[in-house]
Amino acid sequence: MTDAKLLKDDLAYVRAAAERSGPDHVPAIYFLWASLCLCGFTLIDLVGAGSKWIGIYWLVAGPVGTGLTWWMSVRAGRRTGQADRRKGKRWVNHFLAFFAAGLLGCGLAATGELSWSGLSSLWILLLALTYFLAGLHLERHLLPVAGALATGYVITLFLPEYRFATAGVLVALALAVQGLRGTGNRHATN
């Protein structure tokens, strides 16, 4: 083997080890979004899909949850000494794209092309896609949550009563389990 090949292999090993040891998994973020989703999804069944309270809830809970997520991520990165601004920007852009697509979907309900209940289901479908892509490209722990969201989307289409609350419970459980799984995995490897 040539020296260049050995050096390349060594650098690949170091990079892979550094990526595995990063502060990606912050369990508190999973629990935060589990509680926000549980409340927000259940609210749809309580007040009706077209209620302004749903919009108000998410206009407050979304930015507050995002701010807390950012704060917890920054703290975790500083604590481990592995803050990665580029990866942080990828996370932000990823979820901003979800938010933009969801807002564009609101035009469907505003013009009567889609019911307000259908819009709520569409948001869940978009969130399932967003979590799936984040699971592929950013953090694997999100893949089962994407599956729960996709199942929740189907539930909102076919369950006759308490469909959004049922989807909310399913998604909250998936987020909580992934938060706990990551904690156990982290302790097992340290």
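The model shown is predicted, which means the values in this text are computed figures rather than measured ones.

Caption draft 1: The arrangement of the overall build of the chain in detail. Regarding its fold elements, the chain presents seven helices and zero strands. Going residue by residue from the N terminus, the α and β elements of the chain occur as α-α-α-α-α-α-α. Here the chain holds 190 residues, and 35% of them are scored as buried. Partitioning the intrachain contacts of the chain with sequence separation of at least 6 by distance along the chain shows that 67% fall at a separation of at least 24. Accessible surface, the chain: about 11600 Å² in total, of which carbon and sulfur atoms supply 68%.

Caption draft 2: Just the nonpolar core, in detail. Ranked by internal contacts, the top residues of the largest apolar core, which has 35 residues, are Phe41, Tyr131, Leu149 and Leu175. Looking at this core, the elements that each hand over two or more residues are α2 (27–47), α3 (52–80), α5 (116–137), α6 (143–158) and α7 (163–189). Contact partners of Phe41, with chain neighbours within four places excluded, come to Trp58, Ile124, Leu149, Phe164, Ala165, Ala167, Gly168 and Val171.

Caption draft 3: Layout of unusual backbone geometry. Despite not being glycine, Tyr162 shows a phi value in the positive range, around 55 degrees. Within the element layout of this structure, Tyr162 appears in the loop between α6 and α7. What makes Tyr162 exposed here is its relative accessible area of 57%.

Caption draft 4: Seen up close, the packing of aromatic side chains. Counted according to the given criterion, the structure contains five aromatic pairs. Taken together, a centroid distance of 6.1 Å and an interplanar angle of 0 degrees make the contact between Trp91 and Phe95 stacked. Note that Trp91 and Phe95 are positioned in helix α4 (residues 85–110) at a spacing of four residues, about one turn of the helix. We classify Trp91 as partly exposed; its relative accessible area is 21%. Take Phe95: its relative accessible area is 25%, and that puts it in the partly exposed class.

Conventions adopted
Residues numbered from 1 in each chain as written. Predicted model: local features only at pLDDT ≥ 70, side-chain atom pairs only at ≥ 80, totals over all residues. Heavy atoms only, no water. Helix = DSSP H or I, 4+ residues; strand = E, 2+ residues; numbered from the N terminus. Buried < 20%, exposed > 50% of the residue type's maximum accessible area, 1.4 Å probe, protein only. Contact = heavy atoms within 4.5 Å. Areas by Shrake-Rupley, 256 points an atom, 1.4 Å probe, with all protein chains shown as cover. Core = buried A, V, L, I, M, F, W, Y, C linked by side-chain atoms within 4.5 Å. Phe/Tyr/Trp six-rings, centres within 6.5 Å; stacked < 30°, edge-to-face > 60°.

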